[in-house]
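Here is how the chains run, residue by residue.
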Amino acid sequence: MTLQVNKQAVANAFGRAAAHYEQHAQLQRLSGDALLALAPAGFGPHLLDAGCGTGWYSRYWRDRGRTLTALDLSPNMLQTARDQQSAQHYLLGDIDAVPLPDASVDGVWSNLAVQWSSDLHTALLQFLRVTRPGGTVLFSTLLDGSLHEVHHAWAKLDGRQHANRFLSAAQFDTATATLPIAKQQQVITLHFPSALSAMRSLKGIGATHLHDGRGASVLTRAQLAQLEQHWPQDEAGYRLSYHLMYGVLRK
């Protein structure tokens, strides 16, 4: 399935979030830690972190003796990763057209990046192309059902789309049907003290823009009060749910 993705808008949104990304990146760390559990022994030694963000997991692998090439679409994110000496090499580029030669790395790590691809199948083929025979591609992505609380609350206000929708599990299966993949799903639910703090967490990780490039509107007090009223919550607080798919591809 091909999505109409405004890549410049994606880069701009994540660039604005770069300075404060890690303080809001609880989901990224939870999904990354789950992805780590799928890594084969000896993953590496030269890895591509595709969609590296601020380089959190580049540093994880670097500290374990791997050589890292950090790739991101956002110049600001890549500079933040560079400032923290997250990797040995840095590449500004798109996961749909990875700017590396064939068979140039031993493995690809991509945590919550391929949902911003224009075509999942294309991005995964790119990862396999740059991986040497015997190597492994590890990735995580979001599925349909993610952020349903945002959709539910805003539907009560204006009926417009205020968060992205992602591939369904069936669409994911179609996109990966010809690939040598092992996969598993997970739902992660985060809790916040208010609807506003939930929205701020999305802004903090650059996820308030839409695939088509239309940015999120500024909340008025009246809208915020209505969101608080309609936002799904439980005894732990206001919820944000994420449906994740983890994939392992062997070259």
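Residues numbered from 1 in each chain as written. Predicted model: local features only at pLDDT ≥ 70, side-chain atom pairs only at ≥ 80, totals over all residues. Heavy atoms only, no water.

Engineer: Please clarify how the environment of Val98 should be interpreted in this entry.
Structural biologist: By secondary structure assignment, the location of Val98 is in the loop between β3 (89–92) and β4 (105–111). A residue is classified by how much of its surface remains accessible, and Val98, at 5% relative accessible area, is buried. Along the backbone, Val98 and Ala123 are 25 residues apart, and their C-alpha atoms lie at a distance of 8.3 Å. If near-sequence neighbours (up to four positions away) are discounted, Val98 is found in contact with Leu48, Leu71, Gln126, Phe127, Arg129 and Val130. (Helix = DSSP H or I, 4+ residues; strand = E, 2+ residues; numbered from the N terminus. Buried < 20%, exposed > 50% of the residue type's maximum accessible area, 1.4 Å probe, protein only. Contact = heavy atoms within 4.5 Å.)

Engineer: Just to check I follow, could you spell out the side chain of Asp119 for this structure?
Structural biologist: The residue Asp119 is located in the loop between β4 and α6 (120–130) in this model. Residue class for Asp119 comes out buried when judged on its relative accessible area of 15%. Among the polar contacts made by the side chain of Asp119, one reaches the main-chain amide nitrogen of Thr122 at a distance of 2.8 Å. (Polar contact = N/O pair within 3.5 Å; in protein donor to acceptor, adjacent residues only side chain to side chain.)

Engineer: I would appreciate a short explanation of the pattern of salt bridges in the present structure.
Structural biologist: Throughout the structure, instances matching the rule amount to 6 salt bridges. Measuring nitrogen to oxygen at the nearest pair gives 2.9 Å for the salt bridge that ties Asp106 to Arg132. In this pair, Asp106 sits in strand β4 while Arg132 sits in strand β5 (residues 131–142), placing the two residues 26 residues apart along the sequence. Look at Asp106 and you get buried, because its relative accessible area is 18%. Glu149 serves as the salt-bridge partner of Arg239, at 3.9 Å between the closest nitrogen and oxygen. One end of the pair, Arg239, is in strand β8 (residues 237–250); the other, Glu149, is in helix α7 (residues 148–155), and 90 residues separate them in sequence. Note on Glu149: relative accessible area 0%, which makes it buried. The network of salt bridges with common partners includes Glu149, Asp234 and Arg239. (Salt bridge = Lys/Arg side-chain N within 4 Å of Asp/Glu carboxyl O.)

Engineer: Could you clarify how one ought to interpret the confidence of the model for the protein chain in this entry?
Structural biologist: One rule of thumb: low pLDDT means the predicted coordinates there are not for detailed reading. Confidence along the protein chain averages 86 in pLDDT terms, with 81% of residues attaining 70 or more. A low-confidence stretch, residues 208–215 stays under pLDDT 50, and its non-local contacts, those more than four residues away or across chains, total 31 contacts. (pLDDT = per-residue confidence, 0-100.)

Engineer: Help me understand the nonpolar core, please; the structure alone is not making it clear to me.
Structural biologist: One broad rule of soluble globular proteins: the nonpolar side chains tend to lie buried together. Formed by 39 residues in total, the largest nonpolar core has its most connected members in Trp109, Trp231, Leu240, Tyr242 and Leu244. A per-element tally of this core places β8 first, with 6 residues. Residues Ile95, Leu124, Phe127 and Ala175 belong to the second largest nonpolar core, which totals 24 residues. (Core = buried A, V, L, I, M, F, W, Y, C linked by side-chain atoms within 4.5 Å.)

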